[in-house]
Amino acid sequence: AFQAAGEAVSLCITMLGIMSFWTGILKIGERAGVIEALTRKMTPLIHFLFPELPCGHPAVGSISANLIANVLGLGWAATPAGLKAMEELSALEEDRHRVARPVKEGVMRPRSRVVPPGTASDEMCTFLVLNISSLQLIPVNIIAYRSQYGSVDPAAIIGPAIVATMVS
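Quick notes on the rules
- Within each chain, residues carry numbers counting from 1 in the order of the written sequence.
- Restriction of local features to residues with pLDDT of at least 70 applies here, the model being predicted, together with a cutoff of 80 or more for giving and counting side-chain atom pairs; totals for whole chains, interfaces and linings are based on all residues.
- Just so you know, side-chain values use all the structure's heavy atoms and leave hydrogens and water out.
- Working definition: helices are DSSP H or I runs of at least four residues, strands are E runs of at least two. Numbering for both runs from the N terminus.
- Only C-alpha atoms enter the radius of gyration, while the globule expectation follows 2.2 Å times N to the 0.38, with N the number of residues.
- Relative accessibility under 20% of the residue-type maximum defines a buried residue, over 50% an exposed one, and the middle range a partly exposed one, all with a 1.4 Å probe and only protein chains included.
- Within this scheme the basic residues Lys and Arg register as positive and the acidic residues Asp and Glu register as negative, but His and the chain ends are omitted.
- Where a charge sits is defined by one atom per residue type, namely NZ (Lys), CZ (Arg), CG (Asp) or CD (Glu).
- To define axes, lines are fitted to C-alpha atoms, for helices over the stretch in contact only, and angles between the resulting N-to-C directions are given on a 0 to 180 degree scale.
- Here is the rule for handedness: rotate from the far helix to the near one, and if that takes an anticlockwise turn smaller than a right angle the crossing is left-handed, while a clockwise turn gives right-handed.
- Here a residue-residue contact requires only that any non-hydrogen atoms of the pair lie within 4.5 Å.
- Note that the term roughly parallel is reserved for angles under 35 degrees, roughly antiparallel for angles over 145, roughly perpendicular for angles of 65 to 115, and oblique for everything else.
- Basically, the charged four are Asp, Glu, Lys and Arg, the nonpolar ten are Ala, Val, Leu, Ile, Met, Phe, Trp, Tyr, Cys and Pro, and anything else, Gly included, counts as polar.
- In protein, a polar contact requires one atom able to donate a hydrogen and another able to accept it; more generally it is a pair of N or O atoms within 3.5 Å, and residues adjacent in sequence count only if both atoms are side-chain atoms.
- The directions from the helix axis to the C-beta atoms form the arc being described.
- Think of pLDDT as the predictor's per-residue confidence, scored from 0 to 100.
- When a carboxyl oxygen of Asp or Glu lies within 4 Å of a side-chain nitrogen of Lys or Arg, that pair is called a salt bridge.

Caption draft 1: Summary view of the overall build of the chain. Within the chain, the regular secondary structure consists of seven helices and two strands. Along the chain direction, N to C, the helices and strands of the chain fall in the order α-α-α-α-β-β-α-α-α. The C-alpha radius of gyration of the chain comes to 20 Å, more than 25% above the 15 Å expected for a compact globule of 168 residues. In the chain, which comprises 168 residues, the proportion classed as buried is 31%. Here the chain contributes 13 positive and 13 negative side-chain charges, whose respective centroids are spaced 7 Å apart.

Caption draft 2: Fine view of the packing of helix 1 (residues 2-31) against helix 6 (residues 140-148). It is at 10 Å that the axes of helix 1 and helix 6 come closest, and there the two elements cross at 140 degrees. Crossing hand, helix 1 versus helix 6: right-handed. Residues Ser10, Leu11, Thr14, Met15, Ile18 and Trp22 of helix 1 form the contact with helix 6, whose own contacting residues are Val140, Asn141, Ala144, Tyr145 and Gln148.

Caption draft 3: Region of the structure containing the packing of helix 2 (residues 34-49) against helix 3 (residues 58-71). Closest axis-to-axis distance for the helix 2/helix 3 pair is 9 Å, and the angle between their directions is 100 degrees. Considering their axes alone, helix 2 and helix 3 lie roughly perpendicular with respect to each other. Together, Ile35, Leu38, Thr39, Met42, Thr43, Ile46 and His47 of helix 2 and Val60, Gly61, Ile63, Ser64, Ala65, Leu67 and Ile68 of helix 3 make up the contact between the two elements. Among the residues forming the contact of helix 2 with helix 3, the class breakdown is nine nonpolar, five polar and no charged.

Caption draft 4: Structural detail: the side chain of Arg96. The residue Arg96 is located in helix 4 (residues 75-99) in this model. Overall, Arg96 belongs to the buried group, its relative accessible area being 4%. Polar side-chain contacts of Arg96 include one of 2.9 Å to the side chain of Glu123.

Caption draft 5: Just the environment of Val167, in detail. In this structure, Val167 sits in helix 7 (residues 158-167). Separated by 32 residues in the primary sequence, Val167 and Leu135 place their C-alpha atoms 9.6 Å from one another.

Caption draft 6: Here's a closer look at helix 6. Looking only at helix 6, the buried set comprises Val140, Ile143 and Ala144. In an axial view of helix 6, the angular spread of the buried residues amounts to 100 degrees, which keeps them on one side of the axis. Along its buried surface, helix 6 packs onto helix 1, helix 4 and helix 7.

Caption draft 7: How the structure looks around the confidence of the model for the chain. Chain-level pLDDT for the chain is 82 on average; 90% of the residues reach the 70-or-more range. Confidence, expressed as mean pLDDT per element, reaches its minimum in the chain at strand 2 (residues 107-108) with 47 and its maximum at helix 5 (residues 122-132) with 89. A low-confidence stretch, residues 107-112 stays under pLDDT 50, and its non-local contacts, those more than four residues away or across chains, total eleven contacts.

Caption draft 8: Geometry of the pattern of salt bridges. Under the counting rule described, the total for this entry stands at four salt bridges. Between Lys27 and Glu30 there is a salt bridge, with the nearest N and O atoms lying 3.6 Å from each other. Of this pair, Lys27 and Glu30 are both found in helix 1, three residues apart, which corresponds to roughly one turn of the helix. Residues Glu123 and Arg96 are paired through a salt bridge, measuring 2.9 Å at the closest nitrogen-oxygen approach. With Glu123 in helix 5 and Arg96 in helix 4, the pair connects residues that are 27 residues apart, well separated along the chain. Note on Glu123: relative accessible area 5%, which makes it buried. Put simply, Glu93, Arg96 and Glu123 are held in one network by salt bridges that share partners.

This is the structure in structure tokens:
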């Protein structure tokens, strides 16, 4: 038990270092405008995946940052952007509810994109599926775990990870 606890602490320290490094790289990329440039390039894909998401909505940036971090295998760095995207998508749905006023008492205007309060919108569901599908090109976490435990070739997982991403 003590040996396993020591290994757990050692692994946490290793992963903390890797997480700090990649989160720092993402922050540098953000400040240098790389994330914004990638977001602009990803906008057509984002609007294809989220057709009812208004152009220029703040959720586009958060969704893009989340997808970029996930593709790089940086799930821990993707989480804050993912939470922010869900908040922004929730606010969008609240705005849609304010706009969708009743035509007659109890009858709403026919708008397919307005869902009942407390229900996930199509955009939220699509975003969740993208996150669950684990789209990644470079599985940094797995490479770090394999390295920590003495793998001869920690990066050998990249090929299978790309295949799994294509399938998902």
